[in-house]
Amino acid sequence: MKITSAKVFVGGPNKNYVTLKIMTSEGIYGVGDATLNNRETLPAHYLEEYLIPCLVGMDPRNSEDIWQYFYRGAYFRRGPIAMAAFGAIDMALWDIKGKIAGLPVYQLLGGKSRDGAMLYAHASGNDLEDLMDSIAYYREQGYQAVRVQCGIPGMPKGGGYAVADKGDTQNYITNFTGNGPKIETWNTDKYMRYMPDALGEIRDRFGWDMKLLHDVHHRLLPREAAQFAKEVEQHRLYWLEDPTPAEDQDALAFIRQHSTTPLAIGEVFNSIYDCNKLIQSNLIDFIRVSATYAGGITSLKRIVDLAGLHNVQTGFHGAPSHSPISMAAQAHINAWAPNFGIQEYLVLGTTECDALFPSEHKAQKGFFYVSDAPGLGVDFDEQEAGRYEFKRGYHPVARLEDGTVWNY
Ligand code: GCO
Ligand code: MG
């Protein structure tokens, strides 16, 4: 069995999904997702110009060897562009492997450890009341776990914070203003004064049964994050996400010394080496990597096993920049992983998206049920894809009130 050709498509409804399709001599094909949010054409070019020419002629069943060949063969290792490209190849090869075996990918990993995988939804609001309505909506839909973000009084409308989430469900393409990405203003003092009590009010309104998550989106300094984590301990968060930018891994040790609030990190990580120290030193509780940014199923499985050794649970990234293909790859790992925690889930759920990526996977009442179709269980409709073209988009850039660039 040989790989005969592969093609890359860029585009989709409101997102520039980067979809790889690998064809084989047996007529079986596999699909993968290389969508690097707001830098989509880069993994697409990497695939087209460097990786696909090497793939043709290879045996698609050797997914481990192919992963090593590209990872080690590049000489310059890691990085989100390369790992997204390798990730897409890897997903497509597992898809092919499952189709050859006539089994869903979760069976190849070791079978199901649970019926449904718990999801968390994103509730957000321009102010706290708006946020309460959004939480109530997701609770009515059956979600047991909700991530909560709201605008901070005194910060410009949408204040660089609630928008960090509202923007996710909308279209980052809108963040381009004509002469650069949209600028959002951030004020740490206002956030630190407001948010802990807001979390308390949410607890009072929705009770202790709801799993409450909050994302700081890398905005705090280590000392501020330690203080924040300590202050919100009483509200018993399910997790506090990205309190500080994760390049400074020692900062997590500092936060840990001051609080037992569970910490979740890793959505910008792209290899096991980014996770290693945090996991081995028990500095985090949830690992947030994704199949797209962290090199596919082969790589994610290794991270999950390492995390399992240290009682760290999974909480994979699931922003809408991940196409239904990588969400399916993660769903198969979620079905199997003994140390599964929770899965982030943002429903784009549009008819256009379903038409582009037909599948039998189901999200119901806050749980994800993986389909039993062979492979990843998601298809890609090339004719539908013809309706879309690439549109450049950016993440907003955050600045402090005096103009200093801050972490978005
Ligand atoms: C999350 C993330 C997103 C990011 C986005 C950037 O927790 O889902 O923080 O909100 O902003 O994925 O591309
Ligand atoms: Mg996040």
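The protein carries the name D-galactonate dehydratase family protein in an unreviewed UniProt entry, which gives Alginatibacterium sediminis as its organism.

(A) Spatial organisation of the pattern of salt bridges. Enumeration according to the criterion identifies 17 salt bridges in this entry. Ionic pairing is found between Arg-78 and Asp-274, a salt bridge with its closest N-O pair at 2.8 Å. With Arg-78 in the loop between helix 2 (63–73) and helix 3 (80–101) and Asp-274 in helix 10 (residues 272–280), this pair connects stretches of sequence that are 196 residues apart. The partly exposed category is assigned to Arg-78, whose relative accessible area is 33%. One salt bridge connects Asp-285 with Arg-256, and the closest N-O pair in it is separated by 2.8 Å. Of this pair, Asp-285 sits in the loop between helix 10 and strand 10 (286–287) while Arg-256 sits in helix 9 (residues 250–258), and the two are 29 residues apart along the sequence.

(B) Fine view of the pairing of strand 2 (residues 18–24). Of all seven residues in strand 2, seven are buried; the element is thus mostly enclosed. Side chains Val-18, Leu-20, Ile-22 and Thr-24 project from strand 2 onto one buried face, and the interleaved Thr-19, Lys-21 and Met-23 project onto a second face that is buried too. Bridging between strand 1 (residues 3–10) and strand 2 involves seven bridges; their strand directions are antiparallel. The residue bridging Phe-9 from the neighbouring strand is Thr-19, located in strand 2. Note that strand 2 and strand 3 (residues 29–33) share five bridges and pair antiparallel. In the sheet register, Met-23 faces strand 3, and the bridge partner there is Tyr-29. Between the end of strand 2 and the start of strand 3, which pair antiparallel, lie four residues, with Gly-27 showing a positive phi angle near 85°.

(C) Region of interest: the domain arrangement of the protein. Entries for the protein in the domain assignment read domain 1 (3–104) and domain 2 (109–374). Inter-centroid distance (C-alpha atoms) of domain 1 to domain 2 is 26 Å. Taken together, the contact between domain 1 and domain 2 spans 35 residues of the former and 37 residues of the latter. Buried surface at the junction of domain 1 and domain 2, both sides included, amounts to about 2,800 Å², of which 62% is carbon and sulfur. The largest share of the area that domain 1 buries against domain 2 comes from Lys-15, Tyr-17 and Pro-104, three residues that together contribute 20% of it. Taken together, the links from domain 1 to domain 2 amount to two salt bridges. We note a salt bridge from Arg-302 to Glu-64, for which the minimum N-O separation is 2.7 Å. The tally of links between domain 1 and domain 2 comes to eleven residue pairs in polar contact (both at pLDDT 80 or more). At the level of secondary structure, the elements contributing two or more residues to the side of domain 1 that touches domain 2 comprise strand 3, helix 2 and helix 3. No other element matches the ten residues that helix 3 contributes to the side of domain 1 that touches domain 2.

Definitions and limits used
- Residues numbered from 1 in each chain as written.
- Chains lettered and ligands numbered in written order.
- Predicted model: local features only at pLDDT ≥ 70, side-chain atom pairs only at ≥ 80, totals over all residues.
- Heavy atoms only, no water.
- Salt bridge = Lys/Arg side-chain N within 4 Å of Asp/Glu carboxyl O.
- Helix = DSSP H or I, 4+ residues; strand = E, 2+ residues; numbered from the N terminus.
- Buried < 20%, exposed > 50% of the residue type's maximum accessible area, 1.4 Å probe, protein only.
- Pairing = 2+ DSSP bridges.
- Domains from an automatic or database assignment.
- Contact = heavy atoms within 4.5 Å.
- Buried area = accessible area lost by both parts, 1.4 Å probe.
- Polar contact = N/O pair within 3.5 Å; in protein donor to acceptor, adjacent residues only side chain to side chain.

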